[in-house]
Amino acid sequence: MTTEVSSEVISLLQMRLHSLNDLALTLKHIHWNVVGPHFIAVHEMLDPQVDQVRSMTDDLAERISTLGGVPQGTPGALVADRSWNDYSIGRAEAIEHLGALNIVYTEVIKDHRSAMQETEESDPVTQDMLIEQLRGLELFQWFVRAHLESSGGQLSTAGASTESGAASQAADQARTQP
């Protein structure tokens, strides 16, 4: 691999590292701030997700180092480089957090897929790692969406584009259906 290609892959991986570090923090934030009748189910569902996402960050950082880069894992680096805002929901019902978390997972997965596609030719080893991470991220989103879908497959947050909008839609749907 050329130095130029390696630098491009390192830049891609650094943004994935920031994204997954942010996701791990967001998952813990939800874990600490979820309330309501489904508290324990969501509270306990999130810890394994946090653990696996943290493992993914370690893999990304080690790949960056393997390619000759210096992984940046500090909060300041994350905030300086990110293109997204902080998670916007505080203390809230489980269904509201799950609605918002679905939006978070959608964006993380979309960006991970893009990085996967960008490394197809240049670095199949990195692409393989990203594919494996996508497998886990998509599984976690499925766990979240299972709480948001009707038996007919209708997603209560369909069409929502913001965390607060998805949280509101999920809560509205939950109030109208037992």
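Everything discussed here concerns the structure shown above.
Small disclaimer: the values here were computed from a predicted structure and weren't measured.

Definitions and cut-offs
Residues numbered from 1 in each chain as written. Predicted model: local features only at pLDDT ≥ 70, side-chain atom pairs only at ≥ 80, totals over all residues. Heavy atoms only, no water. 1 Å grid on protein atoms, 1.4 Å probe; cavity = no way out; pocket = protein on both sides within 12 Å on 5 of 7 lines; lining within 4 Å. Points joined across faces, edges and corners; volume = space filled by probe spheres on them. Helix = DSSP H or I, 4+ residues; strand = E, 2+ residues; numbered from the N terminus. Nonpolar A, V, L, I, M, F, W, Y, C, P; charged D, E, K, R; others polar. Core = buried A, V, L, I, M, F, W, Y, C linked by side-chain atoms within 4.5 Å. Buried < 20%, exposed > 50% of the residue type's maximum accessible area, 1.4 Å probe, protein only. Contact = heavy atoms within 4.5 Å. Axes fitted to C-alpha atoms, helices over the stretch in contact; angles between N-to-C directions. Parallel < 35°, antiparallel > 145°, perpendicular 65-115°, else oblique. Left-handed = near helix turned anticlockwise from the far one by under 90°. Polar contact = N/O pair within 3.5 Å; in protein donor to acceptor, adjacent residues only side chain to side chain. Salt bridge = Lys/Arg side-chain N within 4 Å of Asp/Glu carboxyl O. Patch = residues over 30% accessible without salt bridge, like charges linked within 9 Å, V, L, I, M, F, W, Y side chains within 5 Å. Areas by Shrake-Rupley, 256 points an atom, 1.4 Å probe, with all protein chains shown as cover. Phe/Tyr/Trp six-rings, centres within 6.5 Å; stacked < 30°, edge-to-face > 60°.

Draft legend 1. How the structure looks around the layout of surface pockets. Within this model, the largest pocket holds a volume of roughly 400 Å³. Along its surface, the largest pocket is lined by 19 residues, and W84, N85, V104, E107 and E163 are the ones closest to its centre. Elements with a minimum of two residues in the lining of the largest pocket: α1 (3–33), α4 (94–118) and α6 (163–176). Take the lining of the largest pocket: its biggest share by element is five residues, from α4. Here the lining of the largest pocket is built from residues that sort into six nonpolar, eight polar and five charged. Roughly 250 Å³ of internal volume is contained in the second largest pocket. Lining the second largest pocket are 13 residues; nearest its centre among them are H147, E149, Q173, A174 and Q177.

Draft legend 2. Focus on the nonpolar core. In terms of nonpolar packing, the biggest core is built from 44 residues, with L23, L101, Y105 and L137 touching the most fellow members. Among all residues touching L137, those that are not within four sequence positions of it are L20, L23, V53, M56, Y105, V108, I109 and H112.

Draft legend 3. Representation of the packing of α1 against helix α2 (residues 39–66). Where α1 meets α2, the closest approach of the two axes is 9 Å, and the angle between their N-to-C directions is 160 degrees. By the angle between their directions, the pair α1 and α2 is classed as roughly antiparallel. The interaxial crossing formed by α1 with α2 has left-handed handedness.

Draft legend 4. Main features of the side chain of Q14. With respect to the element layout, Q14 can be found in helix α1. Overall, the relative accessible area of 9% leaves Q14 in the buried class. Separated by 2.8 Å, the side chain of Q14 and the backbone oxygen of Q72 make a polar contact. Ignoring sequence-local partners within four residues, the contact set of Q14 consists of I64, V70, P71 and Q72.

Draft legend 5. The arrangement of the environment of S161 in detail. In this structure, S161 sits in the loop between α5 (124–146) and α6. Each C-alpha atom, one on S161 and one on L17, is 23 Å from the other, the two residues being 144 residues apart in sequence.

Draft legend 6. The arrangement of the pattern of salt bridges in detail. Applying the stated criterion to the full structure yields nine salt bridges. Taking the shortest distance from any N to any O, the salt bridge between K28 and D47 comes out at 2.8 Å. With K28 in helix α1 and D47 in helix α2, this pair connects stretches of sequence that are 19 residues apart. Classification of K28 as buried rests on a relative accessible area of 14%. With a relative accessible area of 29%, D47 lands in the partly exposed category.

Draft legend 7. Main features of the environment of V35. Relative to the assigned elements, V35 resides in strand β1 (residues 34–35). Residue classification places V35 among the buried residues on the basis of a relative accessible area of 19%. C-alpha separation for the pair V35 and A94, spaced 59 residues apart in sequence, amounts to 5.9 Å. Ignoring any residue separated from it by four or fewer positions in sequence, one finds V35 in contact with R91, A92, E93 and A94.

Draft legend 8. Main features of a nonpolar patch on the surface. A grouping of L139, W142 and F143 is seen on the molecular surface, where their side chains present a nonpolar patch of about 310 Å² in accessible area. Examined against the element boundaries, F143 turns out to sit in helix α5. Residue classification places F143 among the partly exposed positions, given a relative accessible area of 31%.

Draft legend 9. Structural detail: the packing of aromatic side chains. Across all of its chains, the model carries two aromatic pairs by this definition. Taking the centre distance of 6.2 Å and the plane angle of 50 degrees together, the rings of F140 and F143 count as tilted. Of this pair, F140 and F143 both sit in helix α5, separated by three residues, roughly a single helical turn. By relative accessible area, F140 is classed as buried at 4%. Aromatic pair W142 and F143: ring centres 5.7 Å apart, planes at 40 degrees, arrangement tilted. Residue W142 is classed as exposed on the basis of its relative accessible area, which comes to 56%. An aromatic cluster of three or more residues is present, and its members are F140, W142 and F143.

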